[in-house]
Structure formats: C-alpha cells, structure tokens
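Below, each chain spelled out in residue letters.
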Amino acid sequence: MSASSKLRDAKAALLAVCIALYPTADGVVYGPADDYDGPELLVEIRDASWSDREGEARQSPQRRRWYDFTIDLVITVSSGGGEDVQRDVTEGAMEAVGLLEDYLQDAGVVGSTQTSLGGVVEWARVTDSEFTDEDDDIERGRTTTATATVSGRFLA
C-alpha cells in the first residue's frame, strides 16, 4: 500500500472518530465546510501530509518503510450575541480538542485500538493546537476557532 493511500485511510478513520466523539455537532466534515453560518460546533478534517522517516531507509524494495504524518483539524464553536458568551465558546473549543486528545491517549486498556485509529496507523496523537477568539460582531454572536494537528506514524 502506498503512503498516500495509507494517509487517505488515516484521514477517513479520523473522520469516523470525530463523528463518534461529537454526536451533537452541527457538522463533522471532510474538508472545509461550505457556507459556514455559525453552528454551535463544527469540525472540519482539513489538510494532511506525510514524510519519509529520516534515517529509516528500507533495505530492499519489498520492505515497507515508516512515514510520519499530520492531519489538521479546524474546530469552530459559536454562540449567540453578547460579550458574556465568549468564555463559553472559548472553553467549548478547548473541551472539544480535549475530547480528541483524551481519546487518542487512551486509558491504557489492553487491546484498545483508539491510539491507532482503529489499527490504521501505528499511533496518532494531538500534537498541537491553537485557539483564536474571532472578532465578530458582538450582537451577532461570538466564535472561537481551534486549529489542531494530529500527528503520528504509519507503515506503508
């Protein structure tokens, strides 16, 4: 299996995980959402990349090799107007990213496939996140956007 095919499978597995983790989301989508109109919770599975693991070259053409990968997510939380809801949307975005972090860290249960996205990859973790409070019209609503990166390793 090629590295690009393996990355495709990892991205699809992450989408399935997010659909299960965020059942109350207004949308969990593959790629950027069209016509974003401020749902309370929107999860977008965005850009993905892979790279050869440096220093781990294969010793024969038949031998598979290790690759590092990243998949970016954008999680948007918004709520109705007023300054008083900014804390709620900011903490909501942090909680949403935290759910994914906890899921991918697992609870140490023997035989669990959470850390491997259902056995698709060797391992995957949330390795980076950033939270941005949008400077929207306060009367229209408040929004926090979290960008998170899921990084890991697979064999292809």
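Residues numbered from 1 in each chain as written. Predicted model: local features only at pLDDT ≥ 70, side-chain atom pairs only at ≥ 80, totals over all residues. Heavy atoms only, no water.

Another point: the pattern of salt bridges. Overall, the coordinates contain four salt bridges when judged by the stated rule. Here Arg 46 ties to Glu 44 by a salt bridge, and the two come within 3.3 Å at their closest N and O atoms. Among the residues examined, Arg 46 registers a relative accessible area of 26% and is labelled partly exposed. With relative accessibility at 5%, the residue Glu 44 sits in the buried group. (Salt bridge = Lys/Arg side-chain N within 4 Å of Asp/Glu carboxyl O. Buried < 20%, exposed > 50% of the residue type's maximum accessible area, 1.4 Å probe, protein only.)

This brings us to the sheet that holds strand β5 (residues 142-155). Strand order in this open sheet of five strands is β1-β2-β3-β5-β4, and the pairing throughout is mixed. What marks the edges here is a single partner per strand, and that holds for β1 (27-30) and β4 (123-133). Within the sheet, the average angular offset between the axes of one strand and its neighbour, ignoring direction, is 20 degrees. Relative to β5, β4 runs antiparallel, the two sharing ten bridges. Note that in β5 the partner of Phe 131 across the bridge is Ala 146. The sheet contacts of helix α1 (residues 3-21) involve β1, β2 (41-52), β3 (66-79) and β5, and relative to β2 the element is tilted by about 155 degrees. (Pairing = 2+ DSSP bridges. Helix = DSSP H or I, 4+ residues; strand = E, 2+ residues; numbered from the N terminus. Axes fitted to C-alpha atoms, helices over the stretch in contact; angles between N-to-C directions. Contact = heavy atoms within 4.5 Å.)

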